[in-house]
Amino acid sequence: MPRITQLDLAVVELPESHPAADLGRSVAVHGYLIEHPDGAILVDTGVGFGNDLIDELYRPDRVDLGELLAPRGVDLDAVVAVVNSHLHFDHCGQNPSLFDGAAEFFVQSAEIDAVEADPLYTDRRWALAPEPQRRTLSGDAEIAPGVTVLATPGHTAGHQSVLVEADGRRVIIGAQVVWHRDELRAEVASAANVDPVPELQAAAVESIRRLKALRPEVVHLSHCPAYRPPPP
Ligand SMILES: [Zn+2]
């Protein structure tokens with residue numbers, strides 16, 4: 001099983017109007033490093049630099065991605081793939097530190113559509129990798145041996161998770177498939193995580209069930225400590 005490390009990329013302060021603000025205003029933003037034999041794979045890159053509106057609204061306390069990877073012996077040049085769970089600003093912000101390099105960026109086409117449709121969806125400068133590096137997916141895809149992107153819509157229409165399988169073990173990086181791990185336990189689409197749109201709410205519950213049905217030993221999350229299913 002490749003080593004999977006949580007990267008504490010940022011802490012943000014949610015504005016009062018944020019749907020998850022009731023659950024706590026100060027929120028951690030985690031990404032994940034998968035040390036795969038084919039090269040380092042990142043899942044999400046945190047909050048980026050240079051967007052005054054985001055800095056004012058969310059007061060991010062960021063850690064530079066390269067500085068987080070260096071003590072683990074991973075150079076930015078060694079990153080072969082980035083999976084953005086979705087393209088909100090706190091999941092793709094440090095993508096640019098890997099632009100014009102060798103890394104491939106895996107994202108669902110529905111996310112690209114969302115970015116194109118709404119100028120406030122994210123910061124496009126962070127979200128959109130240069131065309132030659134972009135790998136746009138429509139559904140599931142194995143991106144390296146034992147590493148499979150799973151479409152898990154709900155939080156956004158193009159949200160995706162990552163399944164890592166090796167040695168008979170399964171670990172999932174569920175990212176923002178839920179806001180809080182209790183939502184995985186209860187199989188609910190919370191107001192904190194999913195817009196009150198019936199299709200998205202139904203999709204969110206289906207995504208939760210899909211991940212649990214894979215019987216992972218752990219599900220790592222973007223904004224909450226990991227979920228560990230009870231032993232069968
Ligand atoms: Zn989001």
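Residues numbered from 1 in each chain as written. Predicted model: local features only at pLDDT ≥ 70, side-chain atom pairs only at ≥ 80, totals over all residues. Heavy atoms only, no water.

Looking at this structure, how should I read the coordination of the zinc ion?
For a metal bound by four donors in tetrahedral geometry, the ideal donor-metal-donor angle is 109.5 degrees, whereas six donors in octahedral geometry ideally sit at 90 or 180 degrees. For the zinc ion, the protein coordination sphere consists of His 86 (NE2), His 88 (ND1) and His 155 (NE2), at 2.1 to 2.2 Å. Mapped onto the polypeptide sequence, the residues donating to the zinc ion form the spacing pattern H-x1-H-x66-H. Of this pair, His 88 sits in the loop between β5 (79-83) and α3 (89-92) while His 155 is found in the loop between β9 (147-151) and β10 (160-166), placing the two residues 67 residues apart along the sequence. Overall, His 155 belongs to the buried group, its relative accessible area being 13%. (Donors = N, O, S within 2.8 Å, 3.2 Å for Na, K, Ca; no water. Helix = DSSP H or I, 4+ residues; strand = E, 2+ residues; numbered from the N terminus. Buried < 20%, exposed > 50% of the residue type's maximum accessible area, 1.4 Å probe, protein only.)

In this structure, what is going on with unusual backbone geometry? I would like to understand it.
Most peptide bonds take the trans form, and the phi angle of most residues other than glycine is negative. One non-glycine residue, Asp 167, lies in positive phi territory at about 50°. Here Asp 167 lies in the loop between β10 and β11 (169-175). For Ala 175, which is not glycine, the phi dihedral falls at a positive 55°. Structurally, the position occupied by Ala 175 is in strand β11. Residue classification places Ala 175 among the buried residues on the basis of a relative accessible area of 2%.

How do you make sense of the pattern of salt bridges when you look at a structure like this?
Two side chains with opposite charge may pair up if their charged atoms get near one another. Evaluation of the coordinates by the stated rule reveals 12 salt bridges. Close ionic contact of Asp 140 with Arg 210 constitutes a salt bridge, the shortest N to O distance being 2.5 Å. On the criterion of sequence distance, the pair formed by Asp 140 in the loop between β7 (134-137) and β8 (141-144) and Arg 210 in helix α7 (residues 198-213) is long-range, its members being 70 residues apart. Residue Asp 140 is classed as partly exposed on the basis of its relative accessible area, which comes to 41%. In this structure, Glu 217 engages Arg 169 in a salt bridge whose closest nitrogen and oxygen atoms are separated by 2.9 Å. With Glu 217 in the loop between α7 and β12 (218-221) and Arg 169 in strand β11, the pair connects residues that are 48 residues apart, well separated along the chain. Residues participating in the shared-partner salt-bridge network are Glu 187, Arg 209 and Lys 212. (Salt bridge = Lys/Arg side-chain N within 4 Å of Asp/Glu carboxyl O.)

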